[in-house]
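Each chain is listed here by its residues.
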Amino acid sequence: MEKAQKTIHSLLIACLACSFTLGTFSFSLAPAIAEEEARDRITADLPYVEDEVLVKFKKEKINLETSYGRMASTFLSVSRAAEKKDDLQEGNVSVLEIKDGSSVEEKITELERDPNVEYAEPNYRRLPLEIPTSDTHRALLWGLDNTGQTVAGTVGTPDADLDIPEAWTIDDGTKGSVIVAVIDTGVAYEHGDLAAHMWDGTACKNESGASLGGCIHGYDFEFNDKDPHPRDSIFDYARWHGTHVAGTIAAVKNNGVGVVGVAPRATIMAIKTALTSDQIIKSVDFARENGARVINASFGGSESSQAELDAIKRFGDAGGIFVAAAGNNGTDNDANPFYPANYNADAVIVVAATNNKDQRASFSNFGLTSVDVGAPGVDIYSTVIPLTTSTVGQAIIEERFETASPPAAPAEWTLTGTWATKNVGGTLGTALHATPSAPPYTIANITATSPAQSLAGTSSLGLNFDSQCDTEYSPPQWDYLELEYSGDGIKFDSIYTWSELTLDQLSGDTSSIGSASANVTVAIPQQYLTQNFRYRFRWAVVDDQFNDFGGCLVDNIKIAKVTQSTVDAYDFSDGTSMASPHVAGLAALIKGYKPNLTPAQVKSAIMSTGDAISALSGKTVSGKRINAQKALASFTPAITAFTLASPAVTGTINESTKTINLLLPFGSLVTSLTPTIQFTGATILPASGVAQDFSSPVPYTVTAIDGTAQQYIVSATAATAPELTAVIAPETPKAAPAGSLSAVSRTVENRSSAR
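Residues numbered from 1 in each chain as written. Predicted model: local features only at pLDDT ≥ 70, side-chain atom pairs only at ≥ 80, totals over all residues. Heavy atoms only, no water.

Participant: With reference to specific residues and values, describe the overall build of the protein chain.
Facilitator: Within the protein chain, the regular secondary structure consists of 11 helices and 38 strands. Across the 755 residues in the protein chain, those meeting the buried criterion constitute 53%. (Helix = DSSP H or I, 4+ residues; strand = E, 2+ residues; numbered from the N terminus. Buried < 20%, exposed > 50% of the residue type's maximum accessible area, 1.4 Å probe, protein only.)

Participant: Explain the sheet that holds strand β4 (residues 82-88) to me, and be specific about the residues and the numbers.
Facilitator: If you trace the four strands from one edge of the open sheet to the other, you get β4-β5-β3-β6, paired in antiparallel fashion. Among the strands making up the open sheet, the edge pair consists of β4 and β6 (117-124). Mean inter-strand twist for the sheet, computed between neighbouring axes without regard to direction, equals 30°. Across the sheet, helix α1 (residues 67-79) lies against β3 (48-57), β4 and β5 (93-98), angled at about 150° from β4, the strand it touches most. (Pairing = 2+ DSSP bridges. Axes fitted to C-alpha atoms, helices over the stretch in contact; angles between N-to-C directions. Contact = heavy atoms within 4.5 Å.)

Participant: How would you explain the nonpolar core if you had to name every residue and give the values?
Facilitator: Counting 53 residues, the largest nonpolar core has Ile-268, Val-583, Leu-586, Ile-590 and Ile-606 as the members making the most contacts within it. Per-element accounting of this core gives the leading share, nine residues, to helix α8 (residues 576-593). Setting aside its immediate chain neighbours within four residues, Ile-606 contacts Ile-349, Val-373, Val-583, Leu-586, Ala-587, Ile-590 and Ile-626. In terms of nonpolar packing, the next biggest core, distinct from the first, is built from 46 residues, Leu-54, Trp-199, Phe-221 and Val-284 among them. (Core = buried A, V, L, I, M, F, W, Y, C linked by side-chain atoms within 4.5 Å.)

Participant: Summarise the sheet that holds strand β38 (residues 709-718); cite the residues concerned and give the values.
Facilitator: Here five strands make up an open sheet; going across it, the order is β33-β34-β38-β37-β36 and the pairing mixed. What marks the edges here is a single partner per strand, and that holds for β33 (652-654) and β36 (683-685). Strand-to-strand twist of the sheet, defined as the mean angle between neighbouring strand axes without regard to direction, takes the value 20°. For β36 and strand β37 (residues 698-703), the ladder comprises three bridges, and the chain directions are antiparallel. Considered in β37, the bridge of Leu-685 is made with Thr-701.

Participant: Break down the side chain of Asp-470 for me, citing the residues and quoting the values.
Facilitator: By secondary structure assignment, the location of Asp-470 is in strand β23 (residues 461-470). Of note is the side chain of Asp-470, whose polar atom sits 3.0 Å from the backbone nitrogen of Gly-550. (Polar contact = N/O pair within 3.5 Å; in protein donor to acceptor, adjacent residues only side chain to side chain.)

Participant: Can you tell me about unusual backbone geometry, naming the residues and giving the values?
Facilitator: Note the cis peptide between Pro-439 and Pro-440, where omega equals -5°. Within the secondary structure, Pro-440 sits in the loop between β21 (430-433) and β22 (444-449). Residue Pro-647 follows Ser-646 across a cis peptide bond; omega there is 0°. In this model, Asn-254 sits at a positive phi of 60°, which is unusual for a non-glycine residue. Its place among the elements puts Asn-254 in the loop between α4 (241-250) and β12 (267-272). On the basis of relative accessible area, Asn-254 is assigned to the exposed category, the value being 73%.

Participant: Would you mind going over the environment of Thr-502 in detail, with residue names and values included?
Facilitator: On the secondary structure map, Thr-502 appears in helix α7 (residues 500-507). The spatial distance from the C-alpha of Thr-502 to the C-alpha of Tyr-480 is 9.5 Å, given a sequence separation of 22 residues.

Participant: I'd like a description of the packing of aromatic side chains, backed by residues and values.
Facilitator: Throughout the structure, instances matching the rule amount to 20 aromatic pairs. Arranged with centres 5.5 Å apart and planes meeting at 75°, the rings of Phe-465 and Phe-537 form a pair that is edge-to-face. A residue pair is termed long-range when its members are at least 10 positions apart, and Phe-465 in strand β23 and Phe-537 in strand β27 (residues 534-541) qualify at 72 residues. Each of the two residues, Phe-465 as well as Phe-537, counts as buried. Note on Phe-642 and Tyr-700: the rings are 5.2 Å apart at their centroids and 85° apart in plane angle, and the pair reads as edge-to-face. Here Tyr-700 lies in strand β37 and Phe-642 lies in strand β31 (residues 638-644), a separation of 58 residues in the sequence. Of the two residues, Phe-642 and Tyr-700, both sit in the buried class. (Phe/Tyr/Trp six-rings, centres within 6.5 Å; stacked < 30°, edge-to-face > 60°.)

Participant: Tell me about empty space enclosed by the protein, and please be specific about residues and values.
Facilitator: Evaluated as defined, the whole model comprises three cavities of 30 Å³ or more. Considering the residues around the largest cavity, the lining is formed by 16 residues, among which Leu-141, Leu-144, Ile-380, Tyr-381 and His-582 are closest to the centre. Secondary-structure elements contributing two or more residues to the lining of the largest cavity are α4 and β18 (380-399). With three residues, the single largest contributor to the lining of the largest cavity is β18. A breakdown of the residues in the lining of the largest cavity according to their chemical character gives nine nonpolar, six polar and one charged. (1 Å grid on protein atoms, 1.4 Å probe; cavity = no way out; pocket = protein on both sides within 12 Å on 5 of 7 lines; lining within 4 Å. Points joined across faces, edges and corners; volume = space filled by probe spheres on them. Nonpolar A, V, L, I, M, F, W, Y, C, P; charged D, E, K, R; others polar.)

Participant: Help me get a handle on the pattern of salt bridges, residues and values and all.
Facilitator: Summed over all chains, the structure comprises 29 salt bridges. A network of salt bridges, in which partner residues are shared, links Arg-80, Asp-100, Lys-107, Glu-110 and Asp-114. (Salt bridge = Lys/Arg side-chain N within 4 Å of Asp/Glu carboxyl O.)

Participant: Quick rundown of the packing of α8 against helix α9 (residues 599-608)? Include the residues and the values.
Facilitator: Closest axis-to-axis distance for the α8/α9 pair is 10 Å, and the angle between their directions is 120°. Regarding the angle of α8 to α9, the classification is oblique. Taken as a pair, α8 and α9 cross one another with a handedness that is right-handed. Counting all contacts with α8, which are made through Val-583, Leu-586, Ala-587, Ile-590 and Lys-591, the residues of α9 involved are Val-602, Ala-605 and Ile-606. (Parallel < 35°, antiparallel > 145°, perpendicular 65-115°, else oblique. Left-handed = near helix turned anticlockwise from the far one by under 90°.)

Participant: Account for the state of the cysteines, naming residues and giving values.
Facilitator: What we call a disulfide is simply a covalent bond connecting the sulfur atoms of a pair of cysteines. Enumeration according to the criterion identifies two disulfides in this entry. Note that Cys-469 is cross-linked by a disulfide to Cys-552, the S-S spacing being 2.1 Å. Between Cys-469 and Cys-552, the disulfide has an S-S torsion of 120° and is therefore right-handed. A residue pair is termed long-range when its members are at least 10 positions apart, and Cys-469 in strand β23 and Cys-552 in strand β28 (residues 551-573) qualify at 83 residues. Classification of Cys-552 as buried rests on a relative accessible area of 0%. (Disulfide = S-S within 2.5 Å.)

Participant: Could you give an account of α8, with specific residues and numbers?
Facilitator: Since the α-helix packs 3.6 residues into each turn, any two residues three or four apart lie on the same face. End to end, α8 covers 26 Å across 18 residues, agreeing with the expected 26 Å (1.5 Å per residue, within 8%). In terms of burial, α8 is a largely internal element, 18 of the 18 residues being buried. (Expected span 1.5 Å × (residues − 1).)

Participant: Account for the packing of helix α5 (residues 277-289) against helix α6 (residues 306-317), with residues named and values stated.
Facilitator: Across the interface, α5 lies against α6 with an axial gap of 9 Å and an inter-helix angle of 10°. If you check the angle between α5 and α6, you find them roughly parallel. Contact residues: Ser-277, Ile-280, Ile-281, Val-284, Asp-285 and Arg-288 in α5; Ala-307, Glu-308, Ala-311, Ile-312, Arg-314 and Phe-315 in α6. Among the residues making up the contact of α5 with α6, the classes are represented as seven nonpolar, one polar and four charged.

Participant: Quick rundown of the environment of Gly-213? Include the residues and the values.
Facilitator: Structurally, Gly-213 can be placed in the loop between β10 (179-184) and β11 (218-220). Measuring from C-alpha to C-alpha, the distance between Gly-213 and Ala-203 comes to 6.4 Å, with 10 residues separating the pair along the chain. Excluding residues within four positions of it along the chain, Gly-213 makes contact with Thr-202, Cys-204 and Lys-226.

Here it is as structure tokens:
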């Protein structure tokens, strides 16, 4: 059945009643009701994290860069019945969790009355901007080079592309490797088409500039660690999203496999987040501190965050370019703002999506004043998370639950809540079931823990099992199973989570009807291979508003030698999420060609040099779909064509002497000629289409976006008068009198000629 999303109502933690004074700040704490805290999840109808606010303090009042300021912010938070979760020091912003049952709106009103506060706002959530597609055709990179080929069943229009092959004849980024930060769901940095182009992170710093002692190609702000791999994400349905974006930007060129990125010498900095405002702010500051010059933001939401905007402006002030997807609602951003796309910052470039016929994608947002350019965003083929295949050897430990007497627990297992054995019939027989009496099921956080297993001295082991789930289908996971490992039998770590949707993805089933089944293999890392290894399954129901499902079970568990291998994977996707990295890649390509350009010059090159298409006329600021060849050529000022309409004349261009000669027909006046000029660069003076007096040679100066100038001397000459050749007509003889000698002679002469 089709399953719906719904809202989580986060529960509150109590604070104690107390009062105290710190310096000039006086606080009084009121008691709040204590309840169990629920796991933080995305809400369907709230665009922000429930019970959280961002507070920016007036720096002259509370400066978070000082220990005194951080302490003051903590005391202020408590006085307002809130708990401080984090400080975003670069923006002088604290993240607070509401503890007194107030709504987010009520708490913001309360905080903004405080003289220490500059502003308060919700901790907004953003969502990845992909449109899922079931097409899995072979790589056809029409966005880079469109020859009219058929992609995903659609015949393209030749040259509706970036002209990337032509651009690379100018340069493919040889002057420097530009770091592009991908703020997304993480990047599968082991992918063979990305590994060589990942930022190494050996000298990485946190968002405030403090050394982190080395990161693995980026940072994970979702789980606050130095590994941004998408193996675990709140966006389980879109874990591949950031990897797809990264491939479009900088997949390896000429490696004999897969795809290639727009900027094949760029470096990808992977930044993984849950796409909440606080994490986005940290991500932007992290990118700035670690030398990124371009950020790709393929995400968005309908609410504006001043703190996000402040972070983006800091990035722009440091020389960065922030490329944002316009959104996938098919609406006008001028009337219905979408963020971060609608932020008014010089560093931001906003991208709509086009298809392989140079039409605006039906889903793409637009905006005459708020969306800058278009780029390919339909049927885009790129890298996704590599597929892992596991070969499971003979079991060294096995549990099939067939000896258990339902609903009793199997020997030495510890079950809590509704966990029980149940005969489910079929090939499974007796299985371990989290909700044997479902449907329905209720809020739960219960476990089934295995007996201790001695795995000391072993290696390359994995846990293999069958699982079946009938749960709420729409992401994120509201009800799910979680596998946890322990090396000491006491402290357990989360290793893997799944639901019906996950099992369908594993098995290739695309239907949400009924339950899903799959065989699952999860490696056991070496640190857990001890004498007291235990594993346990946790059944969690975060919200039971929609609970008419059967729940989950596991069966046929075995610990065995596992040989794993990965295969690089690729797939199609649609969305302004796919259009944005084309522009981010172009920004990196330009910076790699001309490293000293300012962000304004890069943005100008992208917006002014594209191909004008009717589908974007009146729908974007530029009315153009980007063109990489024209963008790179714009830094080499040159006149490529110089023509007159009346008289119809094409000038002869001599590039070695930088001269142009116009040879006009005889009699043409040269005192007022109006040329049409094609050129590469930003401007030309005198301008095209303006009449000039060519009685003397006229200098034309082409100026590139970076200020480089080239002068051409144009001369017009009328052809000289044609040379006249005199032609004397033969004299017509007068008639002679009959019988005269002359008449007789002529008659004889004519007759002789006739012979």
